[in-house]
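Here is what each chain is made of, one letter per residue.
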Amino acid sequence: MAMIQDPWYTYTVSFRDRDNNTAGMSFKIATTALVADVTAAFGTTLAGAIAALSDAVVTGWSLSISARENALATAVESSDVERKGSFSFLDASGFPVIVQLPSIKNILVQDGSQAIDLTNVAVLAFVNLFVTGILGIIRPVSQAGVDVTALKSARKVHRSSARG
Amino acid sequence: MRATITIYTTDRDNNSCRWSYHTAAIVDTAGLLDKMQIIADTIAAISDARITRIMYTIRHVVRLLDRPVAGPGRIERSGLFITTAANGSIYTMIVPAIKDTQITTAGTLAGVLLTDDAINVASSLINTLPVLNDELSTINLPFITGSVVS
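Residues numbered from 1 in each chain as written. Chains lettered and ligands numbered in written order. Predicted model: local features only at pLDDT ≥ 70, side-chain atom pairs only at ≥ 80, totals over all residues. Heavy atoms only, no water.

## A few points about the overall build of chain B
- Each helix and strand counted, chain B has two helices and nine strands in total.
- When its helices and strands are written in sequence order, chain B yields β-β-α-β-β-β-β-β-α-β-β.
- For 150 residues, the compact-globule estimate of 2.2 N^0.38 gives 15 Å, and the C-alpha radius of gyration of chain B, at 21 Å, exceeds that figure by more than 25%.
- Counting across all 150 residues of chain B, residues that qualify as buried make up 49%.
- Counting contacts in chain B only where the partners sit at least 6 residues apart, residues at least 24 apart contribute 54% of the total.
- Element-wise, carbon and sulfur atoms account for 55% of the exposed surface of chain B, whose accessible area totals about 7,200 Å². (Helix = DSSP H or I, 4+ residues; strand = E, 2+ residues; numbered from the N terminus. Rg over C-alpha atoms; globule rule 2.2 N^0.38 Å. Buried < 20%, exposed > 50% of the residue type's maximum accessible area, 1.4 Å probe, protein only. Contact = heavy atoms within 4.5 Å. Areas by Shrake-Rupley, 256 points an atom, 1.4 Å probe, with all protein chains shown as cover.)

Following this line, the structure appears as structure tokens:
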């Protein structure tokens, strides 16, 4: 199993008009472009060109890079996305960051409780993904933009999906 | 700038679930795919669901204080620009709230047209980036025509 990167980026510009209605404009960009050049393009060219065409104001833009699984296996019988591992983290300011992981493995839930086994090596690796980031580069942050630094609690919860 | 990592998962009953978390944005994405693979492997070790896709989105939000006041146009009236792609398919781009000054006074059976200036500006907007019509086909510029749509 391996993640394969899509051969395009998706660039989306967000608009808001005088009545506070919103709209978006998206286009695909070849991945031959450097992300730094694409992100710089808004300030250098796109903002001015859009302002010349549209009465709406630009509220932001986003650039998405995606990868897909190239050899999707059948999910195991026990998989249910409604069963979540709810991890409650704290950022450096003490602000909560809650992440709900779909279909937490039952074996990681301690019997007689909803608590997730925080001594399990795989769980520790997941927690470290958030509190230390990957190689210090993709560093999870809170809504306030402050680094996530600690795990407060982790438990199993259930949330209904759209189909049940 | 902020970034969001979004993970798409499905279970055995084909229920799907999308969840995400914020990270600091990185502009140099060298090695990003390797990091996505690490994320997928780490999650797969504790989840029964299949990870079908991971998306890394860099977001830039214009601060409220920096935003100009919107003009009189409304997003329901848009400018539709049309051109072709290298593979012969049609490429369209819709610009919300097209300005009055970019609309010609003459109408045709095809609708209300946009000015040549609008077509040139829209072309330069797209020409800034290597835009694709679909996954692989590049588009031809300048735009062939522009009209008003609601």
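There is more to say after this.
## What about the interface of chain B and chain A?
- Counting from both sides, the interface comprises 84 residues of chain B and, opposite them, 91 residues of chain A.
- Carbon and sulfur atoms supply 66% of the area that chain B and chain A bury against each other, a total of about 7,500 Å² over both sides.
- Counting the surface chain B buries against chain A, the share from its top three residues, R12, I46 and D48 of chain B, is 11%.
- The interface formed by chain B and chain A includes four salt bridges.
- Here K99 of chain B and D55 of chain A are joined by a salt bridge, their closest N and O atoms 3.4 Å apart.
- Linking chain B with chain A are 40 residue pairs in polar contact (both at pLDDT 80 or more).
- At 12 residues, strand β3 (residues 50–61) of chain B tops the list of elements feeding residues into the side of chain B that touches chain A.
- Class assignment of the residues belonging to the side of chain B that touches chain A gives a composition of 49 nonpolar, 19 polar and 16 charged.
- Relative to strand β8 (residues 131–132) of chain B, strand β2 (residues 22–30) of chain A runs antiparallel, the two sharing two bridges. Bridge pairing in β8 of chain B links I29 of chain A to V131 of chain B. (Buried area = accessible area lost by both parts, 1.4 Å probe. Salt bridge = Lys/Arg side-chain N within 4 Å of Asp/Glu carboxyl O. Polar contact = N/O pair within 3.5 Å; in protein donor to acceptor, adjacent residues only side chain to side chain. Nonpolar A, V, L, I, M, F, W, Y, C, P; charged D, E, K, R; others polar. Pairing = 2+ DSSP bridges.)

## Some words on unusual backbone geometry
- The linkage connecting L141 of chain B with the following residue, P142 of chain B, adopts the cis geometry, with an omega of 5°.
- Among the secondary structure elements, P142 of chain B is positioned in the loop between β8 and β9 (145–149).
- A positive phi angle is found at N20 of chain A, which is not glycine, with a value near 65°.
- Within the chain, S103 of chain A stands out as a residue other than glycine whose phi angle is a positive 55°.

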